[in-house]
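Structural characterization, general
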Amino acid sequence: MKPAVVSCAATSEETDGRPLPPGWKSYTSPEGLRYYVNCSSKETTWRHPSSSAEAPQRPLARQSSSPYANGSSSIAKASQPTETADVSLRKPATYKQPPGSVSPAKRQIKEVKETKITINCVTFPLPGEGPEQQLLKPDEWSYCDYFWTDKKDPQGTTSLPGFEVLLQKQLKGKQMQKEMSEFIHERIKIEEEYAKNLSKLSLSPLAAQEEGTLGEAWTQLKKSLHDEAEVHLKFSNKLHSEVEKPLLTFRGDNFKKDLKKYDHHIADLRKQLASRYASVEKARKALADRQKDLEVKTQQLEIKLSNKTEEDIKKARRKSTQAGDDLMRCVDLYNQTQSKWFEEMVTTSMELEKLEVERIEWIQQHLRQYTTLRHETDMFNQSTVEPVDQLLQNVDPAKDRELWVKENNTGEVRPVDMDI
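Residues numbered from 1 in each chain as written. Predicted model: local features only at pLDDT ≥ 70, side-chain atom pairs only at ≥ 80, totals over all residues. Heavy atoms only, no water.

1. Observations regarding the pairing of strand 7 (residues 122–125)
Regular strands show a simple pattern: their side chains alternate between the two faces of the sheet. Because side chains alternate across strand 7, one face comprises the buried residues Val122 and Phe124, and the other comprises Thr123 and Pro125, equally buried. Bridge count for strand 6 (residues 116–119) against strand 7 is 4 bridges, and the pairing is antiparallel. Of the residues in strand 7, the one forming a bridge with isoleucine 117 is phenylalanine 124. (Buried < 20%, exposed > 50% of the residue type's maximum accessible area, 1.4 Å probe, protein only. Helix = DSSP H or I, 4+ residues; strand = E, 2+ residues; numbered from the N terminus. Pairing = 2+ DSSP bridges.)

As structure tokens, then:
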């Protein structure tokens, strides 16, 4: 409340038999209550200023039982007892918060941001904050440990979710498998053409009139071409049935549809996570607005004590409490969703890892069958196949995974719960 305008240079009055200190004036409120004003500092008080030094003064404010009414967490502080409204050396109406100072709520939010960071609606700990995370599958370079964050393109304009990198790996493997089967198909065509030409050459009339034992040897040589043609034709048939066809049909056309099920499931969880995060931010802003409103009304009470102002403060406290409860609920829902997404990421990435191992072992098995058939078909060309056979024996899916993860991983730091 602002008193009627009077000169602060007037002489000090005496009230209730006690003189006022220099610079103080007394006034009467519309309700008939006497209060005192320091003409220099503009401070006001209901208590006679001569007694202000007798006991420490406490600000006029009632603490709410709500953990959020004063911007503090219920986890960090217990409820404060209610204070009486009869003592105060009040701040002047023009009082402003010192530059750079923050309310308890804002200070708490700032502290959270200093220890955690949110990337595309997923909360991660900052490096060096809290205990170091341990890998879920140490020394195995497992997919479940290295694809939590997004991967930016070289230009840094767009980013690819870590799970999408794993899906692309599977689709690339499917494409490589298809191209291998096409390669074997071309090899089959060469074998078939070779067999056809050998058979045709075996029927050539050239030198057919050669006589005697030499003639018999020459005839057998031509016949051997026909037999060799049969061997190569048989080789091409086995290549088709035992190598090309298995490579072509392993994880057929439905494989992409199956991967989309994984993708959609994870994507749906990410959408829900984004929605929960937006709700948290909305609730956080609502709480800040309610606390700001409470601070304004508290400052008004420091100037004017009235039933209406006190009722407004009670309403503001109730709204602040409700906003705090809403924020707690939104954070809980967010953490539940992130936990579910985390579990699905682990189980699904391990399933994709298993599929990749199966693919490599399947291709290894049938390419070794290819080298076996080559051994059986052409003994003279074994020296060209032996290095291939040796390398196929040394194929190691775990080593392949390690090399690929080292090159393509998006981040090994796992998400953590959001704090209020």
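2. Overview of the packing of aromatic side chains
In this description, a pair of aromatic rings is defined by centroid distance and the angle of the planes. This model, assessed by the stated rule, comprises 9 aromatic pairs. Taking 6.2 Å as the distance between ring centres and 85° as the angle between the ring planes, the aromatic pair formed by tyrosine 143 and phenylalanine 147 counts as edge-to-face. Accessibility classification places tyrosine 143 together with phenylalanine 147 in one group, the buried group. Plain terms: the ring middles of tryptophan 148 and tryptophan 341 are 5.8 Å apart, the flat faces sit at 70° to each other, and that makes the pair edge-to-face. One end of the pair, tryptophan 148, is in the loop between strand 7 and strand 8 (151–152); the other, tryptophan 341, is in helix 5 (residues 307–377), and 193 residues separate them in sequence. With respect to class, tryptophan 148 is no different from tryptophan 341; both count as buried. By way of ring pairs, the aromatic residues Tyr143, Phe147 and Trp404 are connected into one cluster. (Phe/Tyr/Trp six-rings, centres within 6.5 Å; stacked < 30°, edge-to-face > 60°.)

3. Focus: empty space enclosed by the protein
Applying the stated criterion to the full structure yields 2 cavities of 30 Å³ or more. Considering only enclosed or pocket space, the second largest cavity measures out at about 30 Å³ in volume. For the lining of the second largest cavity, a count of residues per class yields 4 nonpolar, 2 polar and 2 charged. (1 Å grid on protein atoms, 1.4 Å probe; cavity = no way out; pocket = protein on both sides within 12 Å on 5 of 7 lines; lining within 4 Å. Points joined across faces, edges and corners; volume = space filled by probe spheres on them. Nonpolar A, V, L, I, M, F, W, Y, C, P; charged D, E, K, R; others polar.)

4. Here we look at unusual backbone geometry
Of note in the backbone geometry, cysteine 121 takes a positive phi value of approximately 75° without being a glycine. You will see that alanine 207, though not glycine, has its phi angle at about 60°, which is positive. Note on placement: alanine 207 falls in the loop between helix 2 (162–202) and helix 3 (212–249).

5. Points about the nonpolar core
Counting residues in hydrophobic clusters, the biggest one holds 33 residues, and the most contacted among them are Phe147 and Leu352. Those elements giving two or more residues to this core turn out to be strand 7, helix 2, helix 4 (254–303), helix 5 and helix 7 (397–408). No other element matches the 10 residues that helix 5 contributes to this core. Setting aside residues up to four positions removed in sequence, phenylalanine 147 forms contacts with Gly162, Phe163, Val165, Leu166, Met345, Trp404, Val405, Asn408, Asn409, Thr410 and Gly411. Within the second largest apolar cluster, 9 residues are counted, among which are Ile184, Ile188, Leu239 and Ile363. (Core = buried A, V, L, I, M, F, W, Y, C linked by side-chain atoms within 4.5 Å. Contact = heavy atoms within 4.5 Å.)

6. Here we look at the pairing of strand 4 (residues 34–38)
For strand 4, a buried count of 4 out of 5 residues is recorded, marking the element as mostly surrounded by other parts of the structure. With 2 bridges connecting them, strand 4 and strand 5 (residues 44–45) associate as antiparallel partners. By the bridge assignment, valine 37 is partnered in strand 5 with threonine 44.

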